[in-house]
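Inside the fold
Okay, here's what each chain looks like letter by letter:
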Amino acid sequence: MYKYILLIFLTILLITSMSYAEDNKEYHCLVEAIYFEARSESDIGQLAVANVILERVRHEDHPSTICGVVHEWKYYPRLHKCSFSYYCDGKTEVMYEKDSLSSVMQIATLALEGAIVEDTYSSTHYHSRHVQPYWASEMLYIGSIGEHLFYASIY
């Protein structure tokens, strides 16, 4: 009896965890985005960035997949026209820092399992403190963690 309950639980857990990451490609896109956008942040800051990506997946104005959200751009991929700056910065996406990568992979798994940062809940956008994007004044400021400021769409 115990084996069957455990098997059912594991099956439900597997199905639930795949709701956003239908395959390894989606998981890799989330890991890549967290790594290049927030690897120097705290675990909470990294999770908040992951939450923004997953919130966009749920939002009707953005693509419905993690890779679609992470690789979204206006017009064509070029500097300052991508939703996530690392994707259009002209650099090759190679994750050299193995310790950071290991940590980011754990954060991505937690995010996919439903972990959220309450302080930035519902955020669909963020930016680092050293930039002032044109869209920030049109959004609802939610809060900050580390070097990132978080916003929610008002529409």
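In this report, we go over the structure that sits alongside the text. (Residues numbered from 1 in each chain as written. Predicted model: local features only at pLDDT ≥ 70, side-chain atom pairs only at ≥ 80, totals over all residues. Heavy atoms only, no water.)

Section: helix α5 (residues 98-112)
Just so we agree on the cut-off: Here a strand is any run of E in DSSP of at least two residues, a helix any run of H or I of at least four, and the numbering for each starts at the N terminus. The span you would expect from a helix comes to 1.5 Å times its residue count less one. Only protein chains enter the accessibility calculation, which uses a 1.4 Å probe; a residue whose area is less than 20% of its type maximum is buried, one above 50% is exposed, and one in between is partly exposed. By construction, the arc corresponds to the directions joining the helix axis to the C-beta atoms.
When the terminal C-alpha atoms of α5 are compared, their 21 Å separation across 15 residues agrees well with the 21 Å that a helix rising 1.5 Å per residue should span. The complete set of buried residues in α5 reads S100, L101, V104, I107, A108, A111 and L112. Taken end-on, α5 shows its buried residues confined to a sector of 130 degrees, consistent with a single buried face. Opposite the buried face of α5, at more than 90 degrees from it, the exposed residues are K98, D99 and Q106. Phi turns positive, to about 110 degrees, at G114, one or two residues after α5.

Let's talk about helix α3 (residues 43-58)
Look at α3: 23 Å from first C-alpha to last across 16 residues, which is about the 22 Å you get at 1.5 Å a residue. Across the 16 residues of α3, 13 count as buried, placing the element largely inside the fold.

Observations regarding empty space enclosed by the protein
Rules: Lining residues are those with an atom within 4 Å of a point, where the points come from a 1 Å grid over the protein atoms alone and group into cavities, where a 1.4 Å probe fits but cannot get out, or pockets, open sets with protein on both sides within 12 Å along at least five of seven lines. Grid points are joined across faces, edges and corners, and a volume is the space filled by probe spheres set on the points. Residue type decides the class: Asp, Glu, Lys and Arg count as charged, Ala, Val, Leu, Ile, Met, Phe, Trp, Tyr, Cys and Pro as nonpolar, and the leftover types, Gly among them, as polar.
As enumerated under the stated definition, the model contains one cavity of 30 Å³ or more in all. The space that makes up the largest cavity amounts to roughly 50 Å³. Lining the largest cavity, in full, are N51, E55, R58, I116, V117, T120, Y121, S122 and S123. Looking at the lining of the largest cavity residue by residue, the class counts come to three nonpolar, four polar and two charged.

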